[in-house]
Amino acid sequence: MTSPPPFPLPTPDQINHLRAYIQDTWRVLTRSQVHLLAAAQDPKVEYHPQRPWIIYISQRENFQQVQASLAQSLTAAELSQIDLKILPAEIDNLQEHGLLYLPQEYVVPGGRFNELYGWDSYFIVLGLLRDGEYALAHSMVALLIYEIEHYGTVLNGNRTYMLNRSHPPLLTPMIRAVFRARPDLEWLHSLLPAVERYYSYWTVPPHLNPATGLSHYHALGHGPAPEVLASEKDDQGQTHYDRVRAYYQQHPVTAYDVRLYYDAEADKLTDLFYQGDRSMRESGFDISDRFGPFSVDIIHYAPVCLNSLLYQMEQDIAWMHRQVKHLDQVAYWEDQGSRRQHLVNQFLWDEAAGQYFDYNFRSGHRRPYKFATTFMPLWAGLASQAQAQRVAQNLVHFEAPGGLLTSTHVSGNQWDAPFGWAPLQFFAVQGLTRYGYHPEAHRLAAKFVHLVSAEFGRTGNIFEKYDVERCSAQVSDEILFGYSSNEIGFGWTNGVILEFLALLGLFEAKDPDPVALQRHQGGSETKDQ
């Protein structure tokens, strides 16, 4: 028996409208060769109307073959608006940014996010599978593997200005979800080299902190993030970095040594600031005060989120080897997981608070900043039952009328209170469910479904984020740093809503679409009419 939901759940008619919107949105947000001109367009960079959009092809690709394929997929008018280039080996000094070519179809999050994103893709894949879009889900996994093989890692997004950073690693849970829908041992076996290469990205320097044995975010590259300079401007034309400098001028900072990041005499952000800023964007949590103002001190922290995901990755790789009968490898990967579990409990678990906190390996202390990532070790299954009980007892600090608060602190950043985001709702609900806290999980899921459904009824859209205190998608006036818009679409909210409707018994998954599956397996690609 579960507790009754705190709000009336959507009616069957409301659910049907919500589902129809999501199903239509998958197609609106799909990009492929026939949509290449739409995919190339990027609202986050300055665009000169007289110049074509640049698309870079990996040096490992057959450039002439790609050209010939595009000539079959695009009109002459479309081709004239595209400039194909080979991606240079040295990317640090790349001045003309563009789209990184991907050979199959994928789903973008929506709005200003017109790329294939690393961790967004996991929640999108879950939604696609719920809607029977198996071929599209399969294709998204294939393209993340393609990114590892052709661009070095799963990218934050497939633009050249994101080549130096990844995103929270959720590739292996994606693989497991697709495999559950359509088991294929040969396919699973073929993924292992790329998956293990991606694991290495996170577990060797600079992402490994040798002092703790845990991993941390550490993007490469230098200087301001190009997309921030071009697009994150306020009504006065100030960039995010201008607003950060003004903050440092006017506010004392005690969370870290601000001299590392800001030269007060020159009124200038330091090189280390920009490395921290890029690393914060690699984390996916852009922006919060979780690691101090603007989270630039993230480079000195072993975070709960990343190490929970890597523990899950270790379990998943062990599972993959077990499925393909590499039994000699299973014990190794299980040992890797056990080692990380021990280190997470040693450095990140705070017994007094009953929560998981990020650990500053520079100062040797945990930062007691209440953040919803404390539920991620439950999602990954690395917490003990006693630890899970303590975390569940702390739900009172995070629960709001519309679901789960991201943090308990109002900072003017979008990844803090009063905002709630679909991924953190998902991790908390799944984690609580895993440890038997079903009434709490159902209550949170029902609250978030109610909020999204109510705002969908009011606006006709599903959004990237919500104010879960006021139960509203009108958030722009509350966000002071970064970008203040609330993007519509929206990939990960769509996927999480379908998962929650299923959890609440309000949705049944569709069978895979045989037409789409045939198209994916080698049929011709045509434009949507």
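Not measured: the values here are computed from a predicted model. (Residues numbered from 1 in each chain as written. Predicted model: local features only at pLDDT ≥ 70, side-chain atom pairs only at ≥ 80, totals over all residues. Heavy atoms only, no water.)

Novice: In this structure, what is going on with the packing of aromatic side chains? I would like to understand it.
Specialist: Aromatic ring pairs are described here by two measures, namely the spacing of the ring centres and the angle between the planes. Summed over all chains, the structure comprises 49 aromatic pairs. Geometrically, the ring pair formed by Tyr122 and Phe426 is edge-to-face, given 6.0 Å between the ring centres and 80 degrees between the ring planes. Within this pair, whereas Tyr122 is found in helix H5 (residues 120-130), its partner Phe426 is found in helix H17 (residues 422-434), the two being separated by 304 residues in sequence. Aromatic pair Phe347 and Tyr359: ring centres 4.9 Å apart, planes at 55 degrees, arrangement tilted. Within this pair, whereas Phe347 is found in helix H13 (residues 327-347), its partner Tyr359 is found in strand E13 (residues 359-360), the two being separated by 12 residues in sequence. The exposure classification of Phe347 matches that of Tyr359, with both residues buried. (Phe/Tyr/Trp six-rings, centres within 6.5 Å; stacked < 30°, edge-to-face > 60°. Helix = DSSP H or I, 4+ residues; strand = E, 2+ residues; numbered from the N terminus. Buried < 20%, exposed > 50% of the residue type's maximum accessible area, 1.4 Å probe, protein only.)

Novice: Would you mind showing me how to read the sheet that holds strand E3 (residues 82-86) here?
Specialist: Backbone hydrogen bonds are what pair the strands of a sheet, in a parallel or an antiparallel way. The strand order E3-E2-E4 describes an open sheet built from three strands, whose pairing is parallel. Because the sheet does not close on itself, it has two edges, and the strands there are E3 and strand E4 (99-100). Pairing analysis gives two bridges linking strand E2 (residues 53-57) to E4, with the strands arranged parallel. Residue pairing in the sheet places Tyr56 in a bridge with Leu100 of E4. Packing against the sheet, helix H3 (residues 63-73) makes contact with E2 and E3, and its axis sits at approximately 165 degrees to E3. (Pairing = 2+ DSSP bridges. Contact = heavy atoms within 4.5 Å. Axes fitted to C-alpha atoms, helices over the stretch in contact; angles between N-to-C directions.)

Novice: Quick question: what am I supposed to make of the packing of helix H7 (residues 171-181) against helix H8 (residues 185-203) here?
Specialist: Geometrically, a packed helix pair is captured by the angle between its two axes and the distance between the axes. Two elements in contact, H7 and H8, have axes whose closest approach is 11 Å; the angle formed by their N-to-C orientations is 175 degrees. Between H7 and H8, the interaxial angle falls into the category roughly antiparallel. Residue-level contacts link Leu171, Thr172, Ile175, Val178 and Phe179 of H7 to Leu185, Trp187, Leu188, Leu191, Val195 and Tyr198 of H8. Here the residues of the contact of H7 with H8 are counted per class, giving 10 nonpolar, one polar and no charged. (Parallel < 35°, antiparallel > 145°, perpendicular 65-115°, else oblique. Nonpolar A, V, L, I, M, F, W, Y, C, P; charged D, E, K, R; others polar.)

Novice: Explanation requested: the layout of surface pockets in the structure shown.
Specialist: Over the atoms, a rolling probe the size of a water molecule traces out where space has been left empty. Put simply, the largest pocket is a space of about 760 Å³. The wall of the largest pocket is formed by 31 residues, among which Val45, Gln95, Glu96, His97 and Pro226 lie closest to the centre. Every element with two or more residues in the lining of the largest pocket is listed here: E2 and helix H9 (226-231). Take the lining of the largest pocket: its biggest share by element is three residues, from H9. Residues that form the lining of the largest pocket fall into these classes: 15 nonpolar, nine polar and seven charged. There is about 420 Å³ of room inside the second largest pocket. Elements represented by at least two residues in the lining of the second largest pocket include exactly H5, H7, helix H12 (304-323) and H17. It is H7 that provides the largest number of residues to the lining of the second largest pocket, a total of five residues. The residue inventory of the lining of the second largest pocket, partitioned by class, reads nine nonpolar, two polar and six charged. (1 Å grid on protein atoms, 1.4 Å probe; cavity = no way out; pocket = protein on both sides within 12 Å on 5 of 7 lines; lining within 4 Å. Points joined across faces, edges and corners; volume = space filled by probe spheres on them.)

Novice: Any chance you could explain unusual backbone geometry here in plain terms?
Specialist: Where the residue is not glycine, phi is negative for most of them; where a peptide bond is considered, it is trans in most cases. Note the cis peptide between Pro205 and Pro206, where omega equals 10 degrees. Along the chain, Asp286 connects to Ile287 via a cis peptide bond; the corresponding omega equals 15 degrees. Even without glycine at this site, Asp267 takes up a positive phi of about 50 degrees. In this structure, Phe294 takes a positive phi of about 65 degrees despite not being glycine. When you line up the elements, Phe294 lands in the loop between helix H11 (271-282) and strand E10 (301-302). The buried category is assigned to Phe294, whose relative accessible area is 2%.

Novice: Just to check I follow, could you spell out the pairing of E2 for this structure?
Specialist: Every regular strand shows the same layout, with side chains that alternate between the two sheet faces. The buried fraction of E2 is high, at five of five residues. Because side chains alternate across E2, one face comprises the buried residues Trp53, Ile55 and Ile57, and the other comprises Ile54 and Tyr56, equally buried.

Novice: I tried to follow the environment of Leu100 on my own but got confused; where do I start?
Specialist: Structurally, the position occupied by Leu100 is in strand E4. Residues Leu100 and Glu149, 49 residues apart in the sequence, show an inter-C-alpha distance of 13 Å. What Leu100 contacts, discounting residues up to four positions off in sequence, is Tyr56, Leu87, Tyr151, Leu155, Asn158, Arg159, Thr160 and Leu163.

Novice: Is there a simple way to think about the confidence of the model for the protein chain in this case?
Specialist: For the protein chain, mean pLDDT is 94; residues scoring 70 or higher make up 95% of the total. Note that pLDDT drops below 50 for residues 516-529; the model gives that stretch 25 contacts with residues more than four away or on any other chain. (pLDDT = per-residue confidence, 0-100.)

Novice: Help me out: how do you make sense of empty space enclosed by the protein in this one?
Specialist: In the structure shown here, the tally under the stated rule is one cavity of 30 Å³ or more. For the largest cavity, the calculated volume is near 270 Å³. Along the walls of the largest cavity sit 23 residues, with Phe113, Tyr117, Asn156, Asp286 and Tyr483 positioned nearest its centre. Classifying every residue of the lining of the largest cavity by side-chain character gives 10 nonpolar, four polar and nine charged.

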